[in-house]
Amino acid sequence: MNIENIKTLGDLKKSGYQSKSIKDELRDNLIQKIKNKETTFEGVHGYENTVIPELERAILSRHNINLLGLRGQAKTRLARLMLNLLDEYIPFVEGSEINDDPFHPISRYATELIKEKGDNTPIAWLHRSERFAEKLATPDVTVADIIGDVDPIKAANLKLSYADDRVIHYGMIPRANRSIFVINELPDLQARIQVALFNILQEGDIQIRGFKLRLPLDIQFVFTANPEDYTNRGSIVTPLKDRIGSQILTHYPVNIETAKQITEQEAKLEESQKETVVVPDLARDLLEQIVFEARKSDYIDAKSGVSARLSITALENLLSTAERRALLAGDETTTVRLSDFMGVIPSITGKVELVYEGEQEGAAVVAYNLIGEAVKSLFVQYFPKIEKLKKQEEETPYDDIISWFFNQKDGFELGDSLRDKEYKSLLDGVSPLNDLLGKYQPKLNPIDSYFMKEFVLWGLSEFNQLSKHRFSDGMQFKDPYGSFISGI
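Let me sum up the structure you'll find in this document. Owing to the predicted nature of the structure, the values given are computational and were not obtained by experimental measurement. (Residues numbered from 1 in each chain as written. Predicted model: local features only at pLDDT ≥ 70, side-chain atom pairs only at ≥ 80, totals over all residues. Heavy atoms only, no water.)

A word on the pattern of salt bridges
Working step 1: Summed over the entire model, instances satisfying the criterion amount to 21 salt bridges.
Working step 2: One salt bridge connects Asp24 with Arg62, and the closest N-O pair in it is separated by 2.5 Å. With Asp24 in helix H2 (residues 22–35) and Arg62 in the loop between helix H3 (51–60) and strand S1 (65–68), this residue pair connects regions lying 38 residues apart in the sequence.
Working step 3: Note on Asp24: relative accessible area 25%, which makes it partly exposed.
Working step 4: Note on Arg62: relative accessible area 41%, which makes it partly exposed.
Working step 5: Put simply, Asp416 and Arg470 hold a salt bridge, and the shortest N to O gap is 2.5 Å. Placement of the pair is Asp416 in the loop between strand S14 (412–415) and helix H21 (420–428) and Arg470 in strand S15 (residues 467–471), with a sequence separation of 54 residues.
Working step 6: Taken together, the shared-partner salt bridges in this structure form one network comprising Arg325, Arg337, Asp340 and Asp420. (Salt bridge = Lys/Arg side-chain N within 4 Å of Asp/Glu carboxyl O. Helix = DSSP H or I, 4+ residues; strand = E, 2+ residues; numbered from the N terminus. Buried < 20%, exposed > 50% of the residue type's maximum accessible area, 1.4 Å probe, protein only.)

Structure, rendered in structure tokens:
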């Protein structure tokens, strides 16, 4: 359909255009995408077998939707991606404040204009990108904001009495007629404001200052809510929940591979950073494992959740830490080191809600310990498990490394700001590390080998085979008993 040639109601009738409700529009376009085996929600990972099928069923059922889940679970993104299921353009009566359908006008302005001009009524076209309205629910939201109110200035200018419905100023919801309307954090909306939504959801009525208006608004509502809100900040009133067709539970990624996909897609990295800094695969896995550890930590409030934004900002900080180190050292390129993970601590501390015990420990200490827990969890995937109890004479693959450290009375220090050449030289000096990697990681990319060596030292310290001490500009590793014996 060539919309440039359709400028009046008469042209629209001749074109054979058939109007449909937004819910039918979403349903029909979704059916077509499913038939064509197209991806319906592009860029959303980990929901292929859970959330997306439920969302598609809700759309096919023409339901208003509530997306219920913890922060950072792509609830708002899913709502915005529903735009792709709308027709590219729809016609509306030109000049209408509420996007009146030319075939089914509901406002006084549109009905009177069509009555006056008939087939000559001017038509305009609305792109799908303009058919999305979003409101963050805050305690200061009023009925006037979302439904509408009497406008005294309009009444004065038009010399109308307050009894005339032309003095009404429509709020956000009527102006979103024939659009997707999203209310984020619904429980934060005051109960009396939620009550104002009852009739809109069920009967399509709106009430403004005593005016009896029958406006059958055509809106696809999508609400988002955090289950924590139900007890901490507010609640969704029961009759409103009853009027929402489908409530869909979102969740965090269930495995590291999915989490890595999301982080890689969302992280805002400069091309110069990507060219300067090499990130080993193990470093990416470790970054995601930190988030998984945070979600099960006793020091962090699980009800509050740990957002996917943590790993996204952590990756950005990790590359920036390595980039800054390379700039200061004068290295043109560098590889991420495990010590660079100290730079992601600010990304962690601001994104986790600590319980009382966590507050006692301190946010930075909790973040630092999460890095250690992540190393411990991944260590057994690359190297033999370290048993808590072993026979005194029993040999382990790590004996040579521990013996090497036993002979280093002053410990082994890795500075954060070492140049790449010095850093590699120090790690190469721990000869038993080369033997361990050669035996258990023979196919390891040489570029990643130094990160893996540092990873082994951290892993041994997490299993209490070495001691690890953080000083102002680096990390010191020692035999845990060497200093005690030498002091006797």
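Overview of the pairing of strand S7 (residues 180–184)
A regular strand places its side chains so that they alternate between the two faces of the sheet.
Working step 1: Of all five residues in S7, five are buried; the element is thus mostly enclosed.
Working step 2: Alternating positions in S7 separate into two faces, Ile180, Val182 and Asn184 on one and Phe181 and Ile183 on the other, with burial throughout.
Working step 3: Across five bridges, strand S4 (residues 132–136) lies against S7 in parallel orientation. In the strand pairing of S7, Ala133 is matched with Phe181.
Working step 4: Pairing geometry for S7 and strand S10 (residues 220–225), over four bridges, is parallel. (Pairing = 2+ DSSP bridges.)

Points about unusual backbone geometry
Working step 1: With a phi angle near 60°, Lys37 is a residue other than glycine that sits in the positive phi range.
Working step 2: Position of Lys37 among the secondary structure elements: in the loop between H2 and H3.
Working step 3: Residue classification places Lys37 among the exposed positions, given a relative accessible area of 73%.
Working step 4: In the Ramachandran plot, Glu185 falls in the positive-phi region, its phi being about 55° despite a non-glycine side chain.
Working step 5: With respect to the helices and strands, the residue Glu185 is situated in the loop between S7 and helix H9 (191–195).
Working step 6: You can call Glu185 partly exposed: its relative accessible area is 23%.

Observations concerning the packing of helix H15 (residues 281–296) against helix H23 (residues 449–462)
Working step 1: Closest axis-to-axis distance for the H15/H23 pair is 9 Å, and the angle between their directions is 45°. Relative to H23, the element H15 lies oblique. Residues Leu282, Ala283 and Leu286 of H15 pack against Phe451, Met452 and Phe455 of H23.
Working step 2: Tallied by class, residues from the contact of H15 with H23 come to six nonpolar, no polar and no charged. (Axes fitted to C-alpha atoms, helices over the stretch in contact; angles between N-to-C directions. Parallel < 35°, antiparallel > 145°, perpendicular 65-115°, else oblique. Contact = heavy atoms within 4.5 Å. Nonpolar A, V, L, I, M, F, W, Y, C, P; charged D, E, K, R; others polar.)

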